[in-house]
Amino acid sequence: MPVKLILREKEFQTKPGMTLLSALEKCGILPESVIATRQGELILEDEILQEGDVVYLVAVISGGGSV
Amino acid sequence: MKCRKCGGKAAVNMRQHKLALCKEHYLEWLPEQTERFIQKYQMFTHDEKVLVAVSGGKDSLALWDILVRLGYQADGLYIGLGITSLSDSPMVAGYSAESYRLAQKFADERRLTLHVVEVEQTYGYPIPSLAEMTNRGKGRPCSVCGLVKRHEMNRIARDLGYAVLATGHNLDDEAAVLLSNTLTWAGECLLRQGPVLPESPGLARKVKPLCRFYEREMTAYALLRGIEYIYQECPYAVGSTTTYNKELLNRLESQRPGAKLNFYLRFLQARQEGLLGKIDGERRETLQPCPQCGQPTSAPGLCSFCRLFARTKNKEVS
């Protein structure tokens with residue numbers, strides 16, 4: 001089973017066994033621009049992604065609305 | 001990666017500080033650092049009433065949360081801009097309606113005081129309509145929005161007796177503006193940019209206690225504290241210069257950890273040492289009160305805010 005990475009409405013798939021950092025780079029996502037969560041917990045770039053993992057990526061850049 | 005303090009599993013890694021922390025220690029560290037910056041830049045004291053400008057976004061709600069945790073007298077101000085989503089989907093709530101809901105929910109859950117100003121109820125038009133009626137913001141109301149927010153924040157702070165107005169600007173916000181102003185050598189803007197804009201007659205002191213935290217760190221704080229914030233971006237901010245600059249700086253940061261922090265801190269140092277000229281606090285003597293609203297303005301006659309509404313009334317007549 002592949003690893004799923006979900007950023008807003010987009011879904012990416014990678015192979016298990018790689019680090020989060022490698023997965024993000026493979027998907028063309030700048031690590032600085034997201035926070036990754038798995039099962040409600042924050043995970044870091046060195047985390048090894050396991051088969052069937054679903055990683056939700058929270059975009060960190062906001063604009064316009066802040067006062 | 002392990003927490004530097006307890007050796008447990010780290011939840012946040014700050015490469016620019018070579019510091020990784022677990023949830024518990026990160027949630028202690030961030031308010032401690034905020035307190036340090038409040039004192040370092042002499043932003044305010046525990047005896048002063050602070051008005052926090054809240055938008056329903058992660059930064060402003062996190063700031064309010066931190067100030068309350070630190071024991072400051074912090075109330076909130078929400079300015080309703082009347083921005084609806086540009087999407088036709090009925091599933092997507094209006095941007096302003098949703099941001100207000102989240103700001104009010106945050107205040108209610110913590111029994112905090114939230115002052116609310118609705119621009120349309122107070123002045124007759126929501127921000128997008130105001131922008132359409134003036135040359136200042138046709139198609140992109142950000143300029144009108146900024147002008148109205150600055151005026152209203154200052155008006156409410158003054159009318160309700162708050163000594164200090166705090167905003168949730170983070171380091172990415174500051175670095176993006178700094179990059180923009182540097183690329184255009186906007187000297188006057190560079191001189192005004194800093195963690196504190198001192199008070200002067202008619203103007204509340206403005207402070208940015210989060211100005212040394214990366215946006216990523218503020219997102220992590222909001223998530224770890226369980227703060228529900230508006231995730232949807234302002235529909236008018238999509239594709240903005242600020243967003244573009246933030247992405248550029250993040251590319252630099254990913255190759256050179258600490259680049260954003262250095263860019264901002266070295267700028268503050270240069271500004272403080274007078275390398276950019278006299279800083280803003282020494283220049284306030286040139287301001288005079290607007291004959292209509294009384295708020296200070298640099299040009300003779302009406303201030304920008306009152307001129308905006310004068311133009312709007314002319315449009316109504318014509």
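Residues numbered from 1 in each chain as written. Chains lettered and ligands numbered in written order. Predicted model: local features only at pLDDT ≥ 70, side-chain atom pairs only at ≥ 80, totals over all residues. Heavy atoms only, no water.

## Focus: the confidence of the model for chain B
Residues of chain B with pLDDT of at least 70 account for 92%, and the chain-wide mean is 91. Model confidence for the complex is summarised by a pTM of 0.93, with the ipTM given as 0.93. (pLDDT = per-residue confidence, 0-100.)

## Observations concerning helix H6 (residues 142-159) of chain B
Here H6(B) spans 25 Å end to end across 18 residues, near enough to the 26 Å set by a 1.5 Å rise per residue. Most of H6(B) is tucked away: 13 of the 18 residues are buried. (Helix = DSSP H or I, 4+ residues; strand = E, 2+ residues; numbered from the N terminus. Expected span 1.5 Å × (residues − 1). Buried < 20%, exposed > 50% of the residue type's maximum accessible area, 1.4 Å probe, protein only.)

## What to know about the pairing of strand E1 (residues 3-7) of chain A
Residue and element names in this part refer to chain A. Extensive coverage of E1 is indicated by the burial of four of its five residues. Pairing analysis gives five bridges linking E1 to strand E2 (residues 10-14), with the strands arranged antiparallel. Considered in E2, the bridge of Lys4 is made with Gln13. Here E1 folds back onto E2, and the loop between the two strands holds two residues, one of which, Arg8, carries a positive phi near 50°. When E1 meets strand E5 (residues 54-59), the two strands line up parallel, connected through four bridges. (Pairing = 2+ DSSP bridges.)

## Notes on the packing of helix H7 (residues 171-183) of chain B against helix H11 (residues 259-272) of chain B
Residue and element names in this part refer to chain B. For the pair H7 and H11, the least separation of the axes is 10 Å and the interaxial angle reads 65°. What the angle tells us is that H7 and H11 run roughly perpendicular. Both H7 and H11 take part in a crossing whose hand is left-handed. Within the contact between the two elements, H7 uses Leu171, Asp172, Glu174, Ala175, Leu178, Leu179 and Thr182 and H11 uses Lys260, Leu261, Phe263, Tyr264 and Phe267. Broken down by class, the residue content of the contact of H7 with H11 amounts to eight nonpolar, one polar and three charged. (Axes fitted to C-alpha atoms, helices over the stretch in contact; angles between N-to-C directions. Parallel < 35°, antiparallel > 145°, perpendicular 65-115°, else oblique. Left-handed = near helix turned anticlockwise from the far one by under 90°. Contact = heavy atoms within 4.5 Å. Nonpolar A, V, L, I, M, F, W, Y, C, P; charged D, E, K, R; others polar.)

## Some thoughts on the interface of chain B and chain A
Listed per partner, the contact involves 36 residues of chain B and 25 residues of chain A. In total, chain B and chain A occlude about 2700 Å² of area from one another, counting both sides; carbon and sulfur atoms represent 58% of this. Linking chain B with chain A are seven residue pairs in polar contact (both at pLDDT 80 or more). Looking at the side of chain B that touches chain A, the elements that each hand over two or more residues are strand E1 (12-14), helix H2 (58-69), H6, helix H9 (215-225) and helix H10 (241-255) of chain B. (Buried area = accessible area lost by both parts, 1.4 Å probe. Polar contact = N/O pair within 3.5 Å; in protein donor to acceptor, adjacent residues only side chain to side chain.)

## A closer look at the side chain of Arg155(B)
All names here are of chain B. Topologically, Arg155 is positioned in helix H6. At 3.5 Å, the side chain of Arg155 and the side chain of Tyr123 are in polar contact. Residues contacting Arg155, with those up to four places away along its chain left out, are Val117, Thr122, Tyr123 and Gln295.

## Topic: the nonpolar core
The tendency in soluble globular proteins is for nonpolar side chains to be buried as a group. Residue and element names in this part refer to chain B. Formed by 51 residues in total, the largest nonpolar core has its most connected members in Tyr26, Phe44, Trp64 and Leu67. If we ignore the near neighbours within four places in the chain, the residues touching Trp64 are Val52, Val54, Ala74, Asp75, Gly76, Ala103, Phe106, Ala107, Leu112, Thr113 and Leu114. Counting 35 residues, the second-largest nonpolar core is a separate cluster that includes Tyr125, Ile127, Val148 and Phe309. (Core = buried A, V, L, I, M, F, W, Y, C linked by side-chain atoms within 4.5 Å.)

## Side note on the sheet that holds E2(A)
In space, the five strands of this open sheet follow the order E2-E1-E5-E3-E4 (chain A), with mixed pairing throughout. Of all strands in the sheet, those bounded by a partner on one side alone are E2 and strand E4 (41-43) of chain A. When the angles between neighbouring strand axes are averaged without regard to direction, this sheet yields 35°. Sheet topology places strand E3 (residues 34-38) of chain A next to E5(A); five bridges connect them, and they run antiparallel. Looking at E5(A), one finds that Ala36(A) is bridged to Leu57(A). Where H9(B) meets the sheet, it contacts E3, E4 and E5 of chain A, and its direction lies at approximately 30° from that of E3(A).

## A short note on the environment of Leu171(B)
With respect to the helices, strands and loops of the structure, Leu171(B) is situated in helix H7. Leu171(B) sits 39 residues away from Leu210(B) along the chain, and the two C-alpha atoms are 7.1 Å apart.

## Quick word on the sheet that holds strand E3 (residues 49-53) of chain B
All names here are of chain B. Spatially, E5-E4-E3-E6-E8-E7 is the arrangement adopted by the six strands of the open sheet, whose pairing is mixed. Looking along the sheet, the strands with just one partner apiece sit at the ends: strand E5 (114-118) and strand E7 (196-197). Pairing of E3 with strand E4 (residues 73-80) involves five bridges; the strand directions are parallel. Across the sheet, the residue bridging to Val50 is Ala74, located in E4. Helix-sheet contacts for H2 involve E3, E4, E5 and strand E6 (164-166), and the interaxial angle to E3 is about 160°. Contacting E3, E4, E5 and E6, H6 crosses the sheet at an angle of about 140° to E4.

## Remarks on the environment of Val164(B)
Residues and elements named next belong to chain B. Within the secondary structure, Val164 is located in strand E6. Between the C-alpha atoms of Val164 and Gly7, which are 157 residues apart in sequence, the distance is 39 Å. Ignoring sequence-local partners within four residues, the contact set of Val164 consists of Met43, Phe44, Glu48, Lys49, Val50, Leu51, Arg205 and Val207.

## Examining the side chain of Thr14(A)
Residues and elements named next belong to chain A. With respect to the helices and strands, Thr14 occurs in strand E2. You can call Thr14 buried: its relative accessible area is 4%. Setting aside residues up to four positions removed in sequence, Thr14 forms contacts with Pro2, Val3, Leu5, Ala23 and Cys27.

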